[in-house]
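# Remarks on the overall topology
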Amino acid sequence: MTTLTKTEDKPAPTGPEGFLSVRDLRVRFSTEDGIVKAVDGLSFDVERGKTLGIVGESGSGKSVTNLAVLGLHNPQSSQVEGEILLEGKDLLKSSEKEMETLRGNKVAMIFQDPLTAMSPYYTVGRQLSEPFRKHTGASKKEAKARAIEMLTKVGIPQPATRFDDYPHQFSGGMRQRAMIAMSLMCDPDLLIADEPTTALDVTVQAQILDLLKDLQQEFGSAIIFITHDLGVIANMADDLLVMYAGRAVERGSVSEVLRAPQHPYTWGLLSSMPRLGGDISEELVPIPGSPPSLLNRPTGCPFHPRCAFTDRVEGSLCSGERPLLPEGRGAACHLTQGEKQSIFIDQIKPRLG
Ligand code: SF4
């Protein structure tokens, strides 16, 4: 399984633990109102051939983390610290030129909206083959053959003809497939998929997810899969990182986290989403309140203003002391293991069915 080790509160260990090892990542943005701590001490590992799911509400730091892995933050307005080790090489110490070579070659990203990644002015075929030529030095003919091969792999009908189409001539599902083909042109070792199926209908979504799994098996890529949808994660990921307010609050294998979640925020996420195949009349329980401002993070546990279980913790620990994420499987919460278990079994599980 993908190993998730070390807490975000400990100094970065020496040496990489996975194919991708992120250590104590901190991303800050300067704004007119002050410094936004979008990611505040995050560590995780992803192995080759495995998928790490990252879940959390908007603003939890999921996408900011992955843009940091890709080196896409503007150095004028942001500060990125920590270590992002890809096969032991620290990407935060790499030059912009090295990062450019890496992007689309070793590391590729699938965005939620293909129109943000594809230009309306160039044919789909050109957008697939030109970066490939740039990265590999292939001839025009070789790049075209590769693009047609990849369009075939992702299930585009008549790929040789569709090669010359513009993105607007593709349906939404086909554009998403074309973008996946684009991201896989150079056999990336790491694929970052940011809500890649959110805009698609359920059938196309299932097809794209199956396709990603098949391609991962074929290419052995590591995948970071960002979503707010735990149903998709159950289907796609080996391991799971739950993020809240720029920090990891729970982690473990997908089955551990989904079968016996330990953090009140994870309970909230699970209770607020419809279950696949569940009764459509079942009541969904939204998490009360909204995510905190990252300009002014609450003291102690950042979830305490929204948490229904602070009275189960002694004194004012929840608002006074930040809970740490333990090594390996666990949750950053002051509740005892026994309390976590009994609340989950008595109150949360019946709700989830
Ligand atoms: Fe809730 Fe306290 Fe646990 Fe935070 S530490 S999740 S406020 S019980």
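Structure report, in brief. Everything quoted here is computed from the prediction, not taken from an experiment.

## Observations concerning the nonpolar core
In terms of nonpolar packing, the biggest core is built from 100 residues, with Leu20, Phe44, Ile180, Leu190, Ile192, Ile224 and Phe225 touching the most fellow members. Setting aside chain neighbours within four positions, we find Ile224 in contact with Leu20, Phe44, Val46, Leu52, Ile54, Asn66, Leu190, Leu191, Ile192 and Ala193.

## Quick notes on the sheet that holds strand 4 (residues 78-86)
With antiparallel pairing, four strands are arranged side by side in an open sheet as 2-1-4-5. Of all strands in the sheet, those with a lone pairing partner are strand 2 (34-46) and strand 5 (89-90), marking the two edges. This element, helix 1 (residues 62-69), spans strand 1 (20-31), strand 2 and strand 4 of the sheet and lies at about 110° to strand 1.

## Re the packing of aromatic side chains
Applying the stated criterion to the full structure yields four aromatic pairs. Taken together, a centroid distance of 5.4 Å and an interplanar angle of 65° make the contact between Tyr265 and Phe303 edge-to-face. Placement of Tyr265 in helix 11 (residues 264-271) and of Phe303 in the loop between helix 11 and helix 12 (317-320) is noted, with a sequence separation of 38 residues between them. Site record: aromatic cluster; members linked through ring pairs are Tyr244, Tyr265 and Phe303.

## Re the pattern of salt bridges
Considering all chains together, one arrives at 21 salt bridges under this definition. A salt bridge links Glu96 to Arg103, with the shortest nitrogen-to-oxygen separation between them at 2.8 Å. Residue classification places Glu96 among the partly exposed positions, given a relative accessible area of 44%. Close ionic contact of Arg162 with Asp165 constitutes a salt bridge, the shortest N to O distance being 2.4 Å. By relative accessible area, which is 14% here, Asp165 ends up buried. Residues joined by salt bridges that share partners form a network here, namely Asp24, Arg26, Asp40, Arg247 and Arg297.

Reading the values: the criteria
Residues numbered from 1 in each chain as written. Predicted model: local features only at pLDDT ≥ 70, side-chain atom pairs only at ≥ 80, totals over all residues. Heavy atoms only, no water. Core = buried A, V, L, I, M, F, W, Y, C linked by side-chain atoms within 4.5 Å. Buried < 20%, exposed > 50% of the residue type's maximum accessible area, 1.4 Å probe, protein only. Contact = heavy atoms within 4.5 Å. Pairing = 2+ DSSP bridges. Helix = DSSP H or I, 4+ residues; strand = E, 2+ residues; numbered from the N terminus. Axes fitted to C-alpha atoms, helices over the stretch in contact; angles between N-to-C directions. Phe/Tyr/Trp six-rings, centres within 6.5 Å; stacked < 30°, edge-to-face > 60°. Salt bridge = Lys/Arg side-chain N within 4 Å of Asp/Glu carboxyl O.

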